[in-house]
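Residue strings, one per chain:
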Amino acid sequence: HFTMKDEILKRFLTAEGEPISGQVLADELNVSRTAIWKHMQTLKQEGYEFETVKKRGYKLLSVPDKVDMGQLQQFLTTERYGRQVHYYETVESTQLVAHELIRAGAPDGTVVIAEHQTAGRGRMMREWESTEGQGIWMTVIIRPDVAPHQAPQFTLVTAVAIVEAMKSSFKNFTPEIKWPNDILINGKKTTGILTEMVAEADRIQALLIGIGINVNQKIDDFPEQLQTIATSIAIEEGEPVERVHFVANVLESLEKYSDEYVKNGFGQIKQLWEQSSGTIGKRVKATTLREVVEGEAVSITESGVLEIRQANGEIKGIYSADIEL
Ligand code: BT5
């Protein structure tokens, strides 16, 4: 998947603004100068800007704001996550693409990422608004060796991973997890997580960790019905964000915490989750498919179930619901 074009790009991205000659590239990569020239044309079409410096070669002037493979590899320090990237300008939904890739045997850590989704979705087929080039719309395919009943915990693992990545990347806000699958900043939704599973009776074949993060939207980039409930990192941080860098941080964090979960269980994740939770200790109203439960959210269990203490003192475990605070 690391193509000749990516190889060329890597050299420019690490050249710190120094020109590189076509001949040097051709020699080092063992291809003709015509081949190099063709790849340079493709890079220009993708929005990379070069200056031709007489006798010294090409100098990289600017990179497009894209989250493609070539750029991502520069920042990644993961072992598996993001080492295979399927990058698209537009897809219906990265989840759909990921389902196909799983059938084709995609390895653990494969990432599907798009600039724009025409049919991005949330839980229960709700719409997920995925404005072009302004967010992180990606699915990470993971193949953990765990039982199917453990799948829902990966939503919590992912929430912890994203919150920790946000804390280390940004300084002007504190993200809060809203059980089970939202991350809020100042009470507004910035991130939604959608975990899907492909499984046999007793083992998981693959999980699809769908992650939607609003990054560079201004408030009027959101459709009207979202303007009061959604926000972006740029709005809360007060400055635009380089998406590719942050994607790399999220993938590193996700690899770290899902490995931690598979190896050592839920202990550390539960602790981090509760520290960042905006749900525990609050009065909540949980609407499940069957009923409405009201009371104080007291904890999450080892298996990610939310426990609510009702007015009569009875504690009820909630597996899946929408929560109103
Ligand atoms: C979620 O569902 O929050 C999961 C969203 C997962 C999206 C990712 S993007 C990459 C991958 N590919 C996909 O097709 N999906 C995943 P849920 O908890 O059901 O929340 C959905 C609700 O969030 C909607 O009904 C809206 O009210 C709201 N919403 C939609 N788009 C939003 C956005 N961009 N920002 C904030 N809220 C949004």
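Just so it is clear, the structure is predicted and the values come from calculations on it, not from any experiment.

### Topic: the site of the ligand
Okay, step 1: Every one of the 28 residues lining the ligand counts as a neighbour, but Ser93, Arg121, Arg126, Lys189 and Asn214 are closest to it.
Okay, step 2: One of the side-chain N or O atoms of Arg126 is found 2.6 Å from an oxygen atom in the ligand.
Okay, step 3: Here a nitrogen atom of the ligand sits 2.8 Å away from a polar atom, N or O, in the side chain of Asn214.
Okay, step 4: If the ligand stood free it would expose 800 Å²; the protein chains cover 91% of that surface.
Okay, step 5: Elements represented by at least two residues in the shell around the ligand include exactly helix 5 (94-103), strand 5 (135-142), strand 8 (188-199) and strand 9 (204-214).
Okay, step 6: Here the shell around the ligand is built from residues that sort into 9 nonpolar, 12 polar and 7 charged.

### Observations concerning the packing of aromatic side chains
Here the distance between the centres and the angle between the planes together describe a pair of aromatic rings.
Okay, step 1: The final tally for this structure, using the stated rule, is 6 aromatic pairs.
Okay, step 2: With a centroid separation of 5.0 Å and an interplanar angle of 65 degrees, the aromatic rings of Phe12 and Phe50 are classed as edge-to-face. Remark: Phe50 occurs in strand 1 (residues 49-53) and Phe12 occurs in helix 1 (residues 4-13); sequence separation between them is 38 residues.
Okay, step 3: Taking the centre distance of 6.1 Å and the plane angle of 90 degrees together, the rings of Tyr261 and Phe266 count as edge-to-face.
Okay, step 4: Grouping aromatic residues by their ring pairs yields a cluster made of Phe12, Phe50 and Tyr58.

### A short note on the side chain of Glu115
Okay, step 1: Of note, Glu115 is situated in strand 4 (residues 110-117).
Okay, step 2: You can call Glu115 buried: its relative accessible area is 1%.
Okay, step 3: In contact with Glu115, not counting residues within four places along its chain, are Asp65, Lys66, Val67, Tyr87, Tyr88, Glu89, Thr131, Glu132, Gly133, Trp137 and Arg243.

### Some points on the pattern of salt bridges
Okay, step 1: Tallying each qualifying case throughout the model produces 21 salt bridges.
Okay, step 2: Between Glu46 and Lys5 there is a salt bridge whose closest N-O contact spans 2.6 Å. Taken together, the positions of Glu46 in the loop between helix 3 (33-45) and strand 1 and Lys5 in helix 1 put the pair 41 residues apart, joining distant regions of the chain.
Okay, step 3: When the shortest N-O distance is used, the salt bridge between Arg11 and Glu7 registers 3.6 Å.

### A look at the sheet that holds strand 5
Okay, step 1: In space, the 7 strands of this open sheet follow the order 3-4-5-9-8-7-6, with mixed pairing throughout. Every other strand in the sheet has two partners, leaving strand 3 (85-91) and strand 6 (175-178) as the edge strands with one partner each. Between one strand and the next, the sheet's axes are offset by a mean angle of 20 degrees, whatever the strand orientation.
Okay, step 2: Looking at chain direction, strand 7 (residues 182-185) and strand 8 are connected through 4 bridges and run antiparallel. Across the sheet, residue Leu184 finds its bridge partner in strand 8, namely Lys189.
Okay, step 3: Sheet strands in contact with helix 6 (residues 153-169) are strand 5, strand 6, strand 7, strand 8 and strand 9, and its direction is about 140 degrees off that of strand 8.

### Side note on the domain arrangement of the chain
Okay, step 1: The domain architecture assigned to the chain consists of domain 1 (4-62), domain 2 (69-276) and domain 3 (283-324).
Okay, step 2: If you average the C-alpha positions of domain 1 and of domain 2, the two centres end up 33 Å apart.
Okay, step 3: Domain 1 puts 6 residues into the contact, and the matching count from domain 2 is 4 residues.
Okay, step 4: Across the domain 1/domain 2 interface, buried area totals approximately 370 Å², and carbon plus sulfur atoms make up 57% of it.
Okay, step 5: Applying the counting criterion to the domain 1 and domain 2 interface returns 0 salt bridges.
Okay, step 6: On inspection of domain 1 and its partner domain 2, the count reaches 1 residue pair in polar contact (both at pLDDT 80 or more).
Okay, step 7: When its residues are assigned to classes, the side of domain 1 that touches domain 2 shows 3 nonpolar, 1 polar and 2 charged.

Rules behind the numbers
- Residues numbered from 1 in each chain as written.
- Predicted model: local features only at pLDDT ≥ 70, side-chain atom pairs only at ≥ 80, totals over all residues.
- Heavy atoms only, no water.
- Near = heavy atom within 4 Å.
- Polar contact = N/O pair within 3.5 Å; in protein donor to acceptor, adjacent residues only side chain to side chain.
- Areas by Shrake-Rupley, 256 points an atom, 1.4 Å probe, with all protein chains shown as cover.
- Helix = DSSP H or I, 4+ residues; strand = E, 2+ residues; numbered from the N terminus.
- Nonpolar A, V, L, I, M, F, W, Y, C, P; charged D, E, K, R; others polar.
- Phe/Tyr/Trp six-rings, centres within 6.5 Å; stacked < 30°, edge-to-face > 60°.
- Buried < 20%, exposed > 50% of the residue type's maximum accessible area, 1.4 Å probe, protein only.
- Contact = heavy atoms within 4.5 Å.
- Salt bridge = Lys/Arg side-chain N within 4 Å of Asp/Glu carboxyl O.
- Pairing = 2+ DSSP bridges.
- Axes fitted to C-alpha atoms, helices over the stretch in contact; angles between N-to-C directions.
- Domains from an automatic or database assignment.
- Buried area = accessible area lost by both parts, 1.4 Å probe.

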